[in-house]
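# Structure assessment
Letter by letter, the chains look like this.
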Amino acid sequence: MSENLIPPNDSPWNTVWTNARLATMVGDGEPFGLIEDAAIAVTGRTIAWVGKTADLPAEGLAECSNRYDCGGRLVTPGLIDCHTHIVYGGHRAREFEQRLHGASYEEISNAGGGIVSTVRDTRSASFDRLYAQSLPRLQTMMDEGVTTIEIKSGYGLTVDDEIKMLKVAKALHASNPVEITTTFLGAHSIPPEFSGNSDGYIDLVCDEMIPAVAEQKLADAVDAFCETIAFSPQQVARVFDAAADYNLPIKLHAEQLSDLKGAVMAARRGALSVDHIEYLHADDVAVVAENGTAAVLLPGAYYCLRETQLPPIDALRKHRVPIAVASDSNPGSSPVGSLLLMLNMACTLFRLTPEEALAGVTRNAALALGMDQETGTVEVGKDADLVAWNVGEPAELSYRIGSNPSEKVLYKGAVR
């Protein structure tokens, strides 16, 4: 495999990595899209050449200002965490204790805990405090080779507080070398002031929140929580109608605790992804496949909630649904700071192969964000987001627990 693009004289290669064991993740039939003794050349922020080190065109290499010998290290695309909630106030360690004493997620939520407790802490936090609390979470993920991350709102549940959360995410993007996509999740939970009036809250989401978020260009997509403790498929459909009015893509928390057919509804509306899906019926997977929707597995939440219902992995494979893996980093059901740990959990808990797991945080995660033309694989023309790891085998990234072998990260052509 070789992709040759000799740079023009006015645009020389500014970076070349050589002697890499390159997992391109292109899905061409070769496991991990692997190229032995590979080289990658970069012009500006873009990959300009991929192939064998021995085949590097001398005319491009001669003017290169920055060369890095990978010394046989594994190189992969930058990792992508396509589902997180890392902007929030407070913590929910007490609820962790309650679950260990036998309380269920639903029981805690119905007693005023769960998402609503984080809403209280997030509403009371200033913009600066939210930024300060969120930054270390982001930096921890960046340290593990994450170059793209999605951040959701959903802990404000008022117009002003949802906007505050999204502005914090935008500020994190502006001040850190990482791609951040933002998702409006106003339909995350019913706030206390709308107790018993979920339809009235959906009115607020559709009539005020989405227009305000769209006008300020604060969101790249719209999400909702379709569940018995949150919103019905009919209510979520209204949210999606409002999103369509502003040409905002949609995605959905679906079938996490029960099978409400939310994933089917979202897929038929062209959703980028359906996420969690432990209770998605195998017979409904064909609908997800037919509509080109990705399935995002969140093993951290599965683990922390001690769930026993497995997602329909065999049906997803059978119907060739792109399977993404994400941290779901949040203060309640998945207080996770490591996407690498999610690779191991996806393999051990969901029985994904190491190749499926790595594709889940690269190629398929990019699909789940609608960014597959820009990132997720090592190919000419895509963003130069690369990680060199102090391992030789791709499976080691899923196999090791509690280690971070990230050696060097290239983000849009610049060493991070």
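Residues numbered from 1 in each chain as written. Predicted model: local features only at pLDDT ≥ 70, side-chain atom pairs only at ≥ 80, totals over all residues. Heavy atoms only, no water.

### Describing the overall build of the protein chain
Counting secondary structure elements, the protein chain contains 16 helices and 16 strands. By the compact-globule yardstick of 22 Å for 416 residues, the protein chain fits well, its C-alpha radius of gyration being 21 Å. Of all 416 residues assigned to the protein chain, the portion counted as buried reaches 61%. Summed over its atoms, the accessible surface of the protein chain is roughly 15,700 Å², and 48% of this surface lies on carbon and sulfur atoms. (Helix = DSSP H or I, 4+ residues; strand = E, 2+ residues; numbered from the N terminus. Rg over C-alpha atoms; globule rule 2.2 N^0.38 Å. Buried < 20%, exposed > 50% of the residue type's maximum accessible area, 1.4 Å probe, protein only. Areas by Shrake-Rupley, 256 points an atom, 1.4 Å probe, with all protein chains shown as cover.)

### Concerning the state of the cysteines
Counting across every chain of the model gives zero disulfides. No disulfide involves Cys-70; its nearest neighbouring cysteine sulfur is the one of Cys-64, lying 12 Å away. Between Cys-304, a cysteine without a disulfide, and Cys-82, which holds the nearest cysteine sulfur, the sulfur-to-sulfur distance is 17 Å. (Disulfide = S-S within 2.5 Å.)

### Focus on the packing of helix H7 (residues 198-215) against helix H8 (residues 233-245)
The contact between H7 and H8 brings their axes to 9 Å, and the two run at 10°. Taken together, the axes of H7 and H8 lie roughly parallel to each other. Together, Ser-198, Asp-199, Ile-202, Asp-203, Val-205, Cys-206 and Ile-210 of H7 and Gln-235, Arg-238, Val-239, Ala-242 and Ala-243 of H8 make up the contact between the two elements. Residues of the contact of H7 with H8, tallied by class, amount to seven nonpolar, two polar and three charged. (Axes fitted to C-alpha atoms, helices over the stretch in contact; angles between N-to-C directions. Parallel < 35°, antiparallel > 145°, perpendicular 65-115°, else oblique. Contact = heavy atoms within 4.5 Å. Nonpolar A, V, L, I, M, F, W, Y, C, P; charged D, E, K, R; others polar.)

### A word on the confidence of the model for the protein chain
Should pLDDT be low for a region, the predicted coordinates there are not to be read in detail. Summarising the model, the protein chain shows a mean pLDDT of 94, and 97% of its residues fall at 70 or more. Predicted confidence is poor over residues 1-10, with pLDDT under 50, and the contacts of this stretch with residues over four places away or in other chains come to 24 contacts. (pLDDT = per-residue confidence, 0-100.)

### Brief notes about the environment of Val-415
In this fold, Val-415 is placed in strand S16 (residues 414-415). Given a relative accessible area of 47%, Val-415 falls into the partly exposed group. The spatial distance from the C-alpha of Val-415 to the C-alpha of Leu-386 is 9.3 Å, given a sequence separation of 29 residues. When residues no more than four places from it in sequence are discounted, the contact partners of Val-415 are Asn-66, Lys-408, Val-409 and Leu-410.

### Describing the packing of helix H6 (residues 159-175) against H7
Relative to each other, H6 and H7 sit at 35°, their axes nearing to 10 Å. Between H6 and H7 the crossing geometry is right-handed. Residue-level contacts link Val-159, Glu-162, Ile-163 and Leu-166 of H6 to Leu-204, Glu-208, Met-209, Ala-212 and Val-213 of H7. Across the contact of H6 with H7, the residue classes tally to seven nonpolar, no polar and two charged. (Left-handed = near helix turned anticlockwise from the far one by under 90°.)

### Overview of helix H5 (residues 127-143)
Look at H5: 24 Å from first C-alpha to last across 17 residues, which is about the 24 Å you get at 1.5 Å a residue. Within the span of H5, buried status applies to Leu-130, Ser-134, Leu-135, Arg-137, Leu-138, Met-141 and Met-142. Tucked inside the fold, the buried residues of H5 contact strand S6 (79-81), helix H4 (115-124), strand S7 (146-152), H6 and strand S8 (179-187). Gly-145 sits one or two positions beyond H5 and adopts a positive phi of about 90°. (Expected span 1.5 Å × (residues − 1).)

### Focus on the environment of Pro-191
By the element assignment, Pro-191 lies in the loop between S8 and H7. Sequence separation between Pro-191 and Arg-21 is 170 residues, and the spatial gap between their C-alpha atoms is 50 Å. Residues in contact with Pro-191, not counting those within four places in the same chain, are Arg-123, Leu-157 and Tyr-201.

### Some thoughts on the side chain of Thr-181
Turning to its location among the elements, Thr-181 is positioned in strand S8. Given a relative accessible area of 9%, Thr-181 falls into the buried group. Every residue in contact with Thr-181, bar those within four places of it in the chain, is listed here: Ile-149, Glu-150, Ile-151, Asp-220, Leu-369 and Met-371.

### Quick word on unusual backbone geometry
Outside of glycine, negative phi angles account for most residues, and trans bonds account for most peptide bonds. With a phi angle near 55°, Asn-247 is a residue other than glycine that sits in the positive phi range. Mapped onto the elements of the fold, Asn-247 is located in the loop between H8 and strand S10 (251-254). Of note, the phi angle at Lys-261 is positive, near 70°, even though the residue is not glycine.

### Some details on the pattern of salt bridges
Taken as a whole and judged by the stated rule, the model has 20 salt bridges. We note a salt bridge from Arg-94 to Glu-97, for which the minimum N-O separation is 3.5 Å. You can see Arg-94 and its partner Glu-97 sitting in helix H2 (residues 93-100), three residues apart, about one turn around the helix. A relative accessible area of 41% means that Glu-97 is categorised as partly exposed. (Salt bridge = Lys/Arg side-chain N within 4 Å of Asp/Glu carboxyl O.)

### Observations concerning the nonpolar core
Grouped together as the largest cluster of nonpolar side chains are 105 residues, with contacts concentrated most on Phe-184, Val-239, Leu-252 and Leu-316. For this core, the leading source of residues is H7, giving ten residues. Filtering out sequence-adjacent residues up to four positions away, Val-239 remains in contact with Ala-187, Ile-202, Val-205, Cys-206, Ile-210 and Val-222. Ala-20, Tyr-68, Val-75 and Val-378 belong to the second-largest nonpolar core, a separate cluster that totals 17 residues. (Core = buried A, V, L, I, M, F, W, Y, C linked by side-chain atoms within 4.5 Å.)

### Concerning the sheet that holds S6
What the eight strands build is an open sheet, ordered S6-S7-S8-S9-S10-S11-S12-S13; its pairing is parallel. Among the strands making up the open sheet, the edge pair consists of S6 and strand S13 (323-325). With direction set aside, neighbouring strand axes in the sheet form an average angle of 25°. Pairing of S6 with S7, which is carried by three bridges, proceeds in the parallel orientation. Residue Asp-81 lies in a different strand from S7, and its bridge partner there is Ile-149. Contacts from helix H13 (residues 339-350) reach S6, S7, strand S12 (294-297) and S13 within the one sheet, and its direction differs from that of S6 by about 75°. (Pairing = 2+ DSSP bridges.)

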